Amino acid sequence: MNKTKLWFGIGSFVLAGSLADTHTIGAAIAAPQIGPSIGGFANSHLTRIAETEPAGEGGEQGGEGGGGAPTSYALASTDPNAFNYDARPQIEAYVDLVALSYQAAVSATQSLDQAIDELLVNPNEETLAASRSAWVKARPAYLVTEVFRFYDGPIEEVEGRINAWPMNEAAIDYVQGNPKAGLINSSQDLTLEAIVAANQADDEANVTTGWHAVEFLLWGQDLSVDGPGARPASDYVAGTPANERRRSYLRFAAKQLVDDLSGLATAWQIDRPDGYAAMFKGLPQREAVGRMVNGMAILAGFELMSERLAVALDSGDQEDEHSCFSDTTHQDFIYDLQGIKNVWTGDANGKERAGLDDLVKSIDPATAENVSALLADAETKISALGNPWDTVLASPEGSPARQAGEDVVT
(Lines give C-alpha, C1' and ligand atoms only; values in the text may rest on other atoms or scores of the structure.)
Protein backbone atom coordinates (compact mmCIF):
# COMPACT_ATOMS: atom_id res chain seq x y z
CA MET A 1 0.00 0.00 0.00
CA ASN A 2 1.53 3.28 -1.08
CA LYS A 3 0.01 5.43 1.65
CA THR A 4 2.07 3.96 4.47
CA LYS A 5 5.19 3.17 2.49
CA LEU A 6 6.23 6.83 2.52
CA TRP A 7 7.56 6.93 6.06
CA PHE A 8 9.19 3.54 5.78
CA GLY A 9 10.68 4.78 2.52
CA ILE A 10 12.40 7.56 4.42
CA GLY A 11 14.11 4.99 6.59
CA SER A 12 14.90 2.67 3.74
CA PHE A 13 15.93 4.82 0.80
CA VAL A 14 17.41 7.84 2.53
CA LEU A 15 18.81 6.54 5.80
CA ALA A 16 19.79 3.06 4.74
CA GLY A 17 21.52 3.41 1.42
CA SER A 18 20.78 3.71 -2.26
CA LEU A 19 17.60 2.71 -4.06
CA ALA A 20 19.42 -0.25 -5.57
CA ASP A 21 20.08 -1.64 -2.12
CA THR A 22 16.59 -0.96 -0.80
CA HIS A 23 14.22 -1.79 -3.61
CA THR A 24 11.93 -3.43 -1.09
CA ILE A 25 11.00 -2.42 2.41
CA GLY A 26 12.40 -5.71 3.64
CA ALA A 27 15.88 -4.81 2.42
CA ALA A 28 15.85 -1.65 4.43
CA ILE A 29 14.10 -2.27 7.72
CA ALA A 30 14.64 -5.11 10.11
CA ALA A 31 11.58 -7.32 10.50
CA PRO A 32 10.99 -7.67 14.22
CA GLN A 33 7.83 -9.27 15.56
CA ILE A 34 5.16 -6.80 16.62
CA GLY A 35 3.09 -7.57 19.69
CA PRO A 36 -0.42 -8.95 19.19
CA SER A 37 -2.21 -5.65 19.93
CA ILE A 38 0.06 -3.16 18.17
CA GLY A 39 -2.02 -1.57 15.45
CA GLY A 40 -4.36 -4.55 15.53
CA PHE A 41 -2.02 -6.85 13.59
CA ALA A 42 -1.24 -10.08 15.37
CA ASN A 43 2.31 -11.39 14.97
CA SER A 44 3.03 -9.29 11.90
CA HIS A 45 6.32 -8.00 10.59
CA LEU A 46 7.07 -4.39 9.88
CA THR A 47 8.06 -5.38 6.37
CA ARG A 48 4.71 -7.01 5.74
CA ILE A 49 2.63 -4.37 7.50
CA ALA A 50 4.18 -1.60 5.44
CA GLU A 51 2.95 -3.22 2.24
CA THR A 52 -0.57 -4.30 3.19
CA GLU A 53 -3.87 -2.68 4.02
CA PRO A 54 -4.77 -2.44 7.70
CA ALA A 55 -7.22 -5.22 8.57
CA GLY A 56 -10.15 -3.81 10.47
CA GLU A 57 -10.17 -1.92 13.71
CA GLY A 58 -7.26 -2.05 16.08
CA GLY A 59 -6.65 1.53 17.00
CA GLU A 60 -6.47 2.37 20.66
CA GLN A 61 -8.07 -0.87 21.76
CA GLY A 62 -5.87 -2.69 24.20
CA GLY A 63 -3.55 0.27 24.38
CA GLU A 64 -1.15 -1.11 21.78
CA GLY A 65 1.00 -2.51 24.56
CA GLY A 66 1.82 -6.01 25.70
CA GLY A 67 2.47 -9.09 23.66
CA GLY A 68 5.78 -10.12 22.17
CA ALA A 69 7.96 -7.03 21.86
CA PRO A 70 10.27 -6.64 18.88
CA THR A 71 13.90 -7.35 19.62
CA SER A 72 15.02 -4.51 17.37
CA TYR A 73 13.74 -1.62 15.29
CA ALA A 74 17.13 -0.95 13.75
CA LEU A 75 17.21 0.13 10.12
CA ALA A 76 19.01 -2.49 8.05
CA SER A 77 20.81 -2.59 4.72
CA THR A 78 22.99 -4.93 2.73
CA ASP A 79 25.20 -1.97 1.87
CA PRO A 80 28.11 -1.76 4.38
CA ASN A 81 28.42 1.96 3.67
CA ALA A 82 24.73 2.73 4.11
CA PHE A 83 25.09 4.25 7.56
CA ASN A 84 28.06 6.54 7.10
CA TYR A 85 26.45 9.43 8.91
CA ASP A 86 26.30 10.70 12.48
CA ALA A 87 22.78 10.88 13.91
CA ARG A 88 23.82 11.83 17.43
CA PRO A 89 22.47 15.41 17.12
CA GLN A 90 19.09 14.04 16.03
CA ILE A 91 18.99 11.46 18.82
CA GLU A 92 19.91 14.03 21.47
CA ALA A 93 17.32 16.42 20.08
CA TYR A 94 14.65 13.73 20.03
CA VAL A 95 15.18 12.83 23.68
CA ASP A 96 14.92 16.50 24.61
CA LEU A 97 11.76 16.83 22.52
CA VAL A 98 10.13 13.83 24.19
CA ALA A 99 11.07 14.96 27.69
CA LEU A 100 9.73 18.49 27.26
CA SER A 101 6.60 17.29 25.45
CA TYR A 102 5.61 14.97 28.28
CA GLN A 103 6.31 17.72 30.81
CA ALA A 104 3.98 20.01 28.85
CA ALA A 105 1.31 17.29 28.80
CA VAL A 106 1.53 16.94 32.58
CA SER A 107 1.22 20.71 33.08
CA ALA A 108 -1.81 20.92 30.78
CA THR A 109 -3.51 17.99 32.50
CA GLN A 110 -2.88 19.52 35.93
CA SER A 111 -4.80 22.58 34.72
CA LEU A 112 -7.66 20.29 33.75
CA ASP A 113 -7.48 18.66 37.17
CA GLN A 114 -7.75 22.06 38.86
CA ALA A 115 -10.77 23.00 36.75
CA ILE A 116 -12.47 19.75 37.75
CA ASP A 117 -11.76 20.53 41.41
CA GLU A 118 -13.56 23.85 40.96
CA LEU A 119 -16.48 22.11 39.26
CA LEU A 120 -16.88 19.70 42.17
CA VAL A 121 -16.63 22.49 44.76
CA ASN A 122 -19.24 24.60 42.97
CA PRO A 123 -21.11 22.58 40.32
CA ASN A 124 -22.95 24.82 37.88
CA GLU A 125 -23.08 25.38 34.15
CA GLU A 126 -20.18 27.87 34.27
CA THR A 127 -17.77 25.58 36.12
CA LEU A 128 -18.81 22.66 33.92
CA ALA A 129 -18.11 24.77 30.81
CA ALA A 130 -14.74 25.76 32.29
CA SER A 131 -13.85 22.10 32.88
CA ARG A 132 -14.80 21.24 29.32
CA SER A 133 -12.70 24.12 28.03
CA ALA A 134 -9.76 22.91 30.14
CA TRP A 135 -10.12 19.41 28.66
CA VAL A 136 -10.07 20.81 25.11
CA LYS A 137 -7.05 22.99 25.89
CA ALA A 138 -5.12 20.17 27.59
CA ARG A 139 -5.69 17.60 24.87
CA PRO A 140 -3.24 18.91 22.20
CA ALA A 141 -0.29 18.67 24.59
CA TYR A 142 -0.94 14.93 24.82
CA LEU A 143 -1.76 14.38 21.17
CA VAL A 144 1.65 15.57 19.99
CA THR A 145 3.23 12.86 22.18
CA GLU A 146 1.46 10.01 20.40
CA VAL A 147 4.31 9.85 17.89
CA PHE A 148 6.51 8.59 20.76
CA ARG A 149 4.66 5.28 20.72
CA PHE A 150 4.95 2.01 18.80
CA TYR A 151 8.49 1.02 19.77
CA ASP A 152 8.02 -0.47 23.23
CA GLY A 153 8.78 2.70 25.17
CA PRO A 154 7.30 3.57 28.59
CA ILE A 155 4.01 4.68 27.04
CA GLU A 156 3.13 1.13 26.00
CA GLU A 157 2.63 0.08 29.62
CA VAL A 158 0.00 2.73 30.31
CA GLU A 159 -1.39 3.84 26.94
CA GLY A 160 -4.50 1.70 27.36
CA ARG A 161 -5.18 3.47 30.63
CA ILE A 162 -4.54 6.93 29.15
CA ASN A 163 -6.14 7.00 25.71
CA ALA A 164 -8.04 3.75 25.05
CA TRP A 165 -10.78 4.13 22.45
CA PRO A 166 -13.45 3.50 21.22
CA MET A 167 -15.35 3.14 24.46
CA ASN A 168 -18.63 1.71 25.65
CA GLU A 169 -20.05 4.58 27.68
CA ALA A 170 -22.40 2.22 29.52
CA ALA A 171 -19.40 0.77 31.36
CA ILE A 172 -19.14 4.07 33.26
CA ASP A 173 -22.51 5.82 33.57
CA TYR A 174 -26.08 6.12 32.37
CA VAL A 175 -26.78 6.13 28.65
CA GLN A 176 -29.89 6.63 26.59
CA GLY A 177 -32.26 3.75 27.34
CA ASN A 178 -30.30 2.56 30.38
CA PRO A 179 -30.37 5.04 33.30
CA LYS A 180 -28.75 2.55 35.68
CA ALA A 181 -25.75 1.62 33.55
CA GLY A 182 -22.13 1.61 34.57
CA LEU A 183 -19.93 1.55 37.63
CA ILE A 184 -21.44 4.81 38.82
CA ASN A 185 -24.90 3.28 39.14
CA SER A 186 -23.75 -0.09 40.48
CA SER A 187 -23.37 -1.29 44.06
CA GLN A 188 -19.66 -2.04 43.63
CA ASP A 189 -17.25 -0.17 45.89
CA LEU A 190 -16.08 2.83 43.88
CA THR A 191 -12.36 3.37 44.45
CA LEU A 192 -9.52 4.45 42.22
CA GLU A 193 -8.20 0.90 42.32
CA ALA A 194 -11.59 -0.50 41.26
CA ILE A 195 -11.86 1.92 38.34
CA VAL A 196 -8.36 1.09 37.11
CA ALA A 197 -8.94 -2.65 37.52
CA ALA A 198 -12.15 -2.46 35.49
CA ASN A 199 -10.48 -0.76 32.53
CA GLN A 200 -10.91 -3.12 29.54
CA ALA A 201 -11.02 -6.03 31.98
CA ASP A 202 -13.75 -8.03 30.25
CA ASP A 203 -14.04 -6.20 26.94
CA GLU A 204 -11.67 -3.83 25.12
CA ALA A 205 -14.51 -1.35 24.64
CA ASN A 206 -15.25 -1.17 28.37
CA VAL A 207 -12.87 1.73 28.90
CA THR A 208 -13.08 3.20 32.40
CA THR A 209 -10.03 5.48 32.60
CA GLY A 210 -8.17 8.10 30.59
CA TRP A 211 -8.91 11.04 28.35
CA HIS A 212 -12.13 9.68 26.90
CA ALA A 213 -13.53 8.56 30.25
CA VAL A 214 -13.07 12.11 31.55
CA GLU A 215 -14.48 13.45 28.29
CA PHE A 216 -17.64 11.35 28.66
CA LEU A 217 -18.04 12.37 32.29
CA LEU A 218 -17.87 16.05 31.29
CA TRP A 219 -20.04 15.96 28.16
CA GLY A 220 -22.13 12.81 28.36
CA GLN A 221 -23.27 10.93 25.29
CA ASP A 222 -23.15 12.77 21.98
CA LEU A 223 -26.73 12.37 20.76
CA SER A 224 -26.62 15.36 18.42
CA VAL A 225 -25.73 15.27 14.74
CA ASP A 226 -24.16 18.73 14.85
CA GLY A 227 -22.92 19.28 18.38
CA PRO A 228 -21.30 17.63 21.41
CA GLY A 229 -22.85 15.89 24.38
CA ALA A 230 -24.99 17.93 26.78
CA ARG A 231 -24.57 16.46 30.26
CA PRO A 232 -26.18 18.84 32.80
CA ALA A 233 -24.16 20.35 35.63
CA SER A 234 -26.83 18.99 37.99
CA ASP A 235 -25.18 15.57 37.57
CA TYR A 236 -22.44 16.86 39.89
CA VAL A 237 -24.56 18.47 42.59
CA ALA A 238 -23.90 16.60 45.83
CA GLY A 239 -26.71 14.82 47.61
CA THR A 240 -27.91 11.79 45.67
CA PRO A 241 -26.07 8.45 45.71
CA ALA A 242 -25.48 8.48 41.94
CA ASN A 243 -24.21 12.06 41.97
CA GLU A 244 -21.86 11.37 44.87
CA ARG A 245 -20.40 8.38 43.04
CA ARG A 246 -20.16 10.39 39.79
CA ARG A 247 -18.29 13.14 41.63
CA SER A 248 -15.87 10.59 43.06
CA TYR A 249 -15.43 8.89 39.69
CA LEU A 250 -14.54 12.14 37.91
CA ARG A 251 -12.05 13.03 40.65
CA PHE A 252 -10.42 9.57 40.46
CA ALA A 253 -10.26 9.56 36.65
CA ALA A 254 -8.66 13.00 36.49
CA LYS A 255 -6.14 12.05 39.18
CA GLN A 256 -5.16 8.85 37.38
CA LEU A 257 -4.63 10.71 34.12
CA VAL A 258 -2.28 13.19 35.81
CA ASP A 259 -0.43 10.38 37.59
CA ASP A 260 0.05 8.31 34.43
CA LEU A 261 1.38 11.25 32.42
CA SER A 262 3.63 12.24 35.32
CA GLY A 263 5.08 8.74 35.26
CA LEU A 264 5.94 9.13 31.57
CA ALA A 265 7.57 12.50 32.20
CA THR A 266 9.65 10.92 34.97
CA ALA A 267 10.69 8.00 32.76
CA TRP A 268 11.96 10.43 30.10
CA GLN A 269 13.82 12.78 32.46
CA ILE A 270 17.10 13.53 30.74
CA ASP A 271 19.17 13.68 33.94
CA ARG A 272 17.87 10.40 35.33
CA PRO A 273 20.66 7.82 34.90
CA ASP A 274 18.33 4.81 35.14
CA GLY A 275 15.56 6.30 32.99
CA TYR A 276 14.40 5.54 29.48
CA ALA A 277 15.97 8.72 28.09
CA ALA A 278 19.43 7.56 29.14
CA MET A 279 18.75 4.12 27.68
CA PHE A 280 17.53 5.62 24.40
CA LYS A 281 20.63 7.79 24.06
CA GLY A 282 22.75 4.69 24.62
CA LEU A 283 21.15 2.73 21.79
CA PRO A 284 23.04 2.11 18.55
CA GLN A 285 22.23 4.95 16.19
CA ARG A 286 20.44 2.70 13.69
CA GLU A 287 18.21 1.38 16.48
CA ALA A 288 17.39 4.83 17.86
CA VAL A 289 16.61 6.31 14.44
CA GLY A 290 14.60 3.19 13.60
CA ARG A 291 12.41 3.77 16.63
CA MET A 292 11.90 7.41 15.72
CA VAL A 293 10.86 6.48 12.18
CA ASN A 294 8.67 3.61 13.35
CA GLY A 295 6.71 5.89 15.66
CA MET A 296 6.09 8.28 12.76
CA ALA A 297 5.19 5.49 10.35
CA ILE A 298 2.66 3.66 12.51
CA LEU A 299 0.97 6.83 13.77
CA ALA A 300 0.69 8.25 10.24
CA GLY A 301 -0.17 5.08 8.38
CA PHE A 302 -2.38 3.11 10.72
CA GLU A 303 -3.59 5.22 13.62
CA LEU A 304 -4.27 8.49 11.84
CA MET A 305 -4.88 7.42 8.25
CA SER A 306 -6.71 4.17 8.94
CA GLU A 307 -8.24 3.97 12.40
CA ARG A 308 -9.11 7.61 12.94
CA LEU A 309 -9.95 8.71 9.41
CA ALA A 310 -10.70 5.87 7.00
CA VAL A 311 -12.65 3.64 9.41
CA ALA A 312 -15.00 6.47 10.33
CA LEU A 313 -15.40 7.57 6.72
CA ASP A 314 -16.22 4.01 5.70
CA SER A 315 -18.81 3.48 8.44
CA GLY A 316 -20.28 6.98 8.57
CA ASP A 317 -20.92 6.33 12.27
CA GLN A 318 -20.11 9.10 14.73
CA GLU A 319 -19.29 6.39 17.30
CA ASP A 320 -16.15 5.82 15.22
CA GLU A 321 -14.88 9.34 15.70
CA HIS A 322 -12.05 9.66 18.17
CA SER A 323 -13.25 12.41 20.53
CA CYS A 324 -16.97 11.99 19.92
CA PHE A 325 -18.40 13.28 23.21
CA SER A 326 -16.78 16.71 22.91
CA ASP A 327 -16.86 16.82 19.10
CA THR A 328 -13.19 17.84 19.02
CA THR A 329 -11.89 15.08 16.75
CA HIS A 330 -10.68 17.72 14.29
CA GLN A 331 -7.98 18.79 16.74
CA ASP A 332 -6.93 15.16 17.16
CA PHE A 333 -6.05 15.10 13.46
CA ILE A 334 -4.24 18.43 13.62
CA TYR A 335 -2.07 17.64 16.62
CA ASP A 336 -1.26 14.04 15.73
CA LEU A 337 0.17 15.35 12.47
CA GLN A 338 1.91 18.14 14.39
CA GLY A 339 3.59 15.50 16.56
CA ILE A 340 4.91 13.76 13.44
CA LYS A 341 6.16 17.07 12.12
CA ASN A 342 7.85 17.81 15.45
CA VAL A 343 9.98 14.67 15.11
CA TRP A 344 10.73 15.43 11.46
CA THR A 345 11.90 19.01 12.11
CA GLY A 346 12.95 18.71 15.76
CA ASP A 347 11.30 22.05 16.47
CA ALA A 348 8.74 22.29 19.28
CA ASN A 349 8.26 23.58 22.83
CA GLY A 350 9.71 26.92 21.74
CA LYS A 351 13.04 25.36 20.76
CA GLU A 352 14.80 24.70 17.48
CA ARG A 353 16.57 21.35 17.34
CA ALA A 354 18.35 19.07 14.92
CA GLY A 355 15.59 17.17 13.13
CA LEU A 356 15.44 14.12 10.95
CA ASP A 357 14.91 16.54 8.07
CA ASP A 358 18.43 17.88 8.63
CA LEU A 359 19.85 14.36 8.57
CA VAL A 360 17.94 13.49 5.39
CA LYS A 361 19.01 16.75 3.74
CA SER A 362 22.63 15.78 4.26
CA ILE A 363 22.06 12.50 2.39
CA ASP A 364 19.31 13.24 -0.14
CA PRO A 365 18.11 16.88 -0.26
CA ALA A 366 15.42 16.13 -2.85
CA THR A 367 13.72 13.54 -0.67
CA ALA A 368 13.90 15.81 2.37
CA GLU A 369 12.25 18.58 0.39
CA ASN A 370 9.58 16.21 -0.88
CA VAL A 371 8.69 14.93 2.59
CA SER A 372 8.50 18.47 3.98
CA ALA A 373 6.22 19.47 1.11
CA LEU A 374 3.97 16.46 1.70
CA LEU A 375 3.70 17.31 5.39
CA ALA A 376 2.73 20.87 4.51
CA ASP A 377 0.15 19.56 2.06
CA ALA A 378 -1.31 17.26 4.71
CA GLU A 379 -1.50 20.16 7.15
CA THR A 380 -3.40 22.24 4.61
CA LYS A 381 -5.85 19.44 3.89
CA ILE A 382 -6.47 18.66 7.56
CA SER A 383 -7.10 22.32 8.37
CA ALA A 384 -9.76 22.35 5.64
CA LEU A 385 -11.69 19.38 7.03
CA GLY A 386 -15.26 19.89 8.11
CA ASN A 387 -15.65 20.52 11.81
CA PRO A 388 -17.17 18.90 13.81
CA TRP A 389 -16.11 15.63 12.28
CA ASP A 390 -19.47 13.91 12.77
CA THR A 391 -21.05 16.33 10.30
CA VAL A 392 -18.57 15.02 7.71
CA LEU A 393 -19.47 11.42 8.58
CA ALA A 394 -23.15 12.21 8.18
CA SER A 395 -22.66 13.83 4.78
CA PRO A 396 -23.52 11.80 1.66
CA GLU A 397 -21.04 9.79 -0.38
CA GLY A 398 -19.29 11.95 -2.94
CA SER A 399 -20.03 15.19 -1.10
CA PRO A 400 -17.29 17.85 -0.92
CA ALA A 401 -16.96 17.28 2.83
CA ARG A 402 -16.36 13.56 2.41
CA GLN A 403 -14.00 14.11 -0.51
CA ALA A 404 -11.96 16.43 1.68
CA GLY A 405 -11.69 13.58 4.20
CA GLU A 406 -10.58 11.16 1.51
CA ASP A 407 -7.97 13.69 0.39
CA VAL A 408 -6.53 13.72 3.90
CA VAL A 409 -6.44 9.90 3.94
CA THR A 410 -4.47 9.96 0.70
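Just so we're clear, the structure is a prediction, and the values are computed from it rather than from any experiment.

Looking now at the packing of helix α11 (residues 285-315) against helix α16 (residues 400-409). Their axes nearest at 10 Å, the elements α11 and α16 cross at an angle of 155°. Comparing their axes, α16 and α11 come out roughly antiparallel. In the crossing of α11 with α16, the sense of the turn from one axis to the other is left-handed. On the side of α11, the interface is formed by M305, L309, A310 and L313, while α16 contributes R402, G405, E406, V408 and V409. Its residues assigned to classes, the contact of α11 with α16 shows six nonpolar, one polar and two charged.

Looking at the protein chain as a whole, the pLDDT averages 84, with 83% of positions reaching at least 70. Every residue in residues 1-14 scores below 50 in pLDDT, and together they form 52 contacts with partners more than four places removed in sequence or on other chains. Contacts of residues 16-67 to residues separated by more than four positions or lying in other chains number 138 contacts, the stretch itself having pLDDT below 50.

Turning to the packing of helix α5 (residues 125-143) against helix α12 (residues 329-345), a few remarks are in order. Between α5 and α12, the least distance of the axes is 8 Å, while the angle of their chain directions is 35°. As for how α5 packs across α12, the hand of that crossing is right-handed. For the pair formed by α5 and α12, the contact residues are V136, R139, P140 and L143 on the first element and Q331, D332, Y335 and D336 on the second. Among the residues forming the contact of α5 with α12, the class breakdown is four nonpolar, one polar and three charged.

This paragraph deals with the side chain of R353. As for its position among the elements, R353 is in the loop between α12 and α13 (356-363). Accessibility expressed as a relative area gives 10% for R353, which makes it buried. A polar contact is formed between the side chain of R353 and the backbone oxygen of A348, at a distance of 3.0 Å.

Here we come to the packing of aromatic side chains. Under the counting rule described, the total for this entry stands at 14 aromatic pairs. With a centroid separation of 5.9 Å and an interplanar angle of 80°, the aromatic rings of W135 and W211 are classed as edge-to-face. Highlighted residues: W135 in helix α5 and W211 in helix α8 (residues 211-219), separated in sequence by 76 residues. Judged on exposure class, the residue W135 and its partner W211 are both buried. A network of ring pairs unites the aromatic residues Y94, Y102, F148, Y151, W268, Y276 and F280 as a single cluster. Positioned above the aromatic ring of F216, the side-chain terminus of R231 is 5.1 Å from the ring centre.

The rules we used
Residues numbered from 1 in each chain as written. Predicted model: local features only at pLDDT ≥ 70, side-chain atom pairs only at ≥ 80, totals over all residues. Heavy atoms only, no water. Axes fitted to C-alpha atoms, helices over the stretch in contact; angles between N-to-C directions. Helix = DSSP H or I, 4+ residues; strand = E, 2+ residues; numbered from the N terminus. Parallel < 35°, antiparallel > 145°, perpendicular 65-115°, else oblique. Left-handed = near helix turned anticlockwise from the far one by under 90°. Contact = heavy atoms within 4.5 Å. Nonpolar A, V, L, I, M, F, W, Y, C, P; charged D, E, K, R; others polar. pLDDT = per-residue confidence, 0-100. Buried < 20%, exposed > 50% of the residue type's maximum accessible area, 1.4 Å probe, protein only. Polar contact = N/O pair within 3.5 Å; in protein donor to acceptor, adjacent residues only side chain to side chain. Phe/Tyr/Trp six-rings, centres within 6.5 Å; stacked < 30°, edge-to-face > 60°. Lys NZ or Arg CZ within 6 Å of the ring centre and 35° of its normal.

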